[in-house]
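Coordinates in review
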Amino acid sequence: MKIYTKTGDAGETGLFGGGRVHKDDPRVQAYGEVDETNAAIGFAASLEPPAFESALLQSIQRDLFAVGAELATPDPAKHAKVLSRGGDRVGASNVASLESAIDRHEATLAPLKNFILPGGTPKAAAFHLARTVCRRAERAVVRLAHDATINASIIHYLNRLSDLLFVLARAANAQSGRPDIAW
């Protein structure tokens, strides 16, 4: 099978569970932003040190695939079938896992008294970039939720994920001895 299908050449794409929409449809925008978040996290994970939270980051990437699949499936009755391909629906337990990781890292970091400039080590800078991409994905999902029924846990998950990515940026800098730079 070839990677190109030519079915999108007219500016439309197919959704899981059937149907075609324009590529600028809010649903496509939402799952596209989630996909970009996933790629940004993959990039951050690849940087030195590669073992830093690698299991957590892979788990998050799997969650984001499930989120993307759910967002790409407008018919809620078909979510279980689509997700059976490799993931579970994101829910409260996934959000709680992110909160646990945030709490674990925050316990080792100096309390923030100022805003900080994004940057530091390449890994920390990549986490900061992933955080901003994640916030954009969150906004796209909220926009989609105005007109479509979506799993509310997706918004909770993306909100908490952006918080975690911020904390991971700080933790990556702290682990390498780079202090936060106050604004």
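Before reading further, recall that the structure is shown in the block above.
Below is a summary of the structure that appears in this document.

Rules of the game
Residues numbered from 1 in each chain as written. Predicted model: local features only at pLDDT ≥ 70, side-chain atom pairs only at ≥ 80, totals over all residues. Heavy atoms only, no water. Helix = DSSP H or I, 4+ residues; strand = E, 2+ residues; numbered from the N terminus. Axes fitted to C-alpha atoms, helices over the stretch in contact; angles between N-to-C directions. Parallel < 35°, antiparallel > 145°, perpendicular 65-115°, else oblique. Left-handed = near helix turned anticlockwise from the far one by under 90°. Contact = heavy atoms within 4.5 Å. Nonpolar A, V, L, I, M, F, W, Y, C, P; charged D, E, K, R; others polar. Patch = residues over 30% accessible without salt bridge, like charges linked within 9 Å, V, L, I, M, F, W, Y side chains within 5 Å. Areas by Shrake-Rupley, 256 points an atom, 1.4 Å probe, with all protein chains shown as cover. Salt bridge = Lys/Arg side-chain N within 4 Å of Asp/Glu carboxyl O. Buried < 20%, exposed > 50% of the residue type's maximum accessible area, 1.4 Å probe, protein only. Phe/Tyr/Trp six-rings, centres within 6.5 Å; stacked < 30°, edge-to-face > 60°.

1. Quick word on unusual backbone geometry
Proline 49 follows glutamate 48 through a cis peptide bond whose omega is -5°. Positionally, proline 49 belongs in the loop between helix H1 (26-46) and helix H2 (54-71). Backbone geometry at glutamate 53 places phi at a positive 55°, although glycine is not the residue there. You can see glutamate 53 is positioned in the loop between H1 and H2.

2. So, the packing of helix H4 (residues 92-106) against helix H6 (residues 152-175)
One way to put it is that H4 packs onto H6 with a least axis distance of 9 Å and a crossing angle of 20°. By the angle between their axes, H4 is roughly parallel relative to H6. For the pair H4 and H6, the crossing hand works out as left-handed. Across from Ala92, Asn94, Val95, Leu98, Glu99, Ala101, Ile102, His105 and Glu106 in H4, the residues of H6 making contact are Ser153, His156, Tyr157, Arg160, Leu161, Asp163, Leu164, Val167, Leu168 and Ala171. Classifying every residue of the contact of H4 with H6 gives eleven nonpolar, four polar and four charged.

3. As for the environment of isoleucine 60
Examined against the element boundaries, isoleucine 60 turns out to sit in helix H2. Residue contacts for isoleucine 60: discarding those within four places in its chain leaves Ile41, Leu98, Tyr157, Leu161 and Leu164.

4. Observations concerning the packing of H2 against H6
Where H2 meets H6, the closest approach of the two axes is 12 Å, and the angle between their N-to-C directions is 150°. Relative to H6, the element H2 is oriented roughly antiparallel. The element H2 and its partner H6 pack so that their crossing is left-handed. Between H2, through Leu56, Leu57, Ile60, Asp63, Leu64, Val67, Glu70 and Leu71, and H6, the contact on the second element is made entirely by Ile154, Tyr157, Leu158, Leu161, Leu164 and Leu168.

5. Section: a nonpolar patch on the surface
Taken together, the side chains of Phe115, Leu117, Ile181 and Trp183 define a hydrophobic patch exposed on the protein surface, amounting to about 530 Å² of accessible area. Looking at the element boundaries, tryptophan 183 is found in the segment after H6. By relative accessible area, tryptophan 183 is classed as exposed at 72%.

6. Some points on the packing of aromatic side chains
In this structure the tally under the stated criterion is two aromatic pairs. Each ring, one from phenylalanine 52 and one from phenylalanine 127, has its centre 6.1 Å from the other, and the planes form 55°; the classification is tilted. On the criterion of sequence distance, the pair formed by phenylalanine 52 in the loop between H1 and H2 and phenylalanine 127 in helix H5 (residues 122-145) is long-range, its members being 75 residues apart. Summarising the burial analysis for this pair, phenylalanine 52 and phenylalanine 127 share the class buried. For the ring pair phenylalanine 115 and tryptophan 183, a centre distance of 6.0 Å and an interplane angle of 75° mean the geometry is edge-to-face. With phenylalanine 115 in the loop between H4 and H5 and tryptophan 183 in the segment after H6, the pair connects residues that are 68 residues apart, well separated along the chain. Residue classification places phenylalanine 115 among the exposed residues on the basis of a relative accessible area of 63%.

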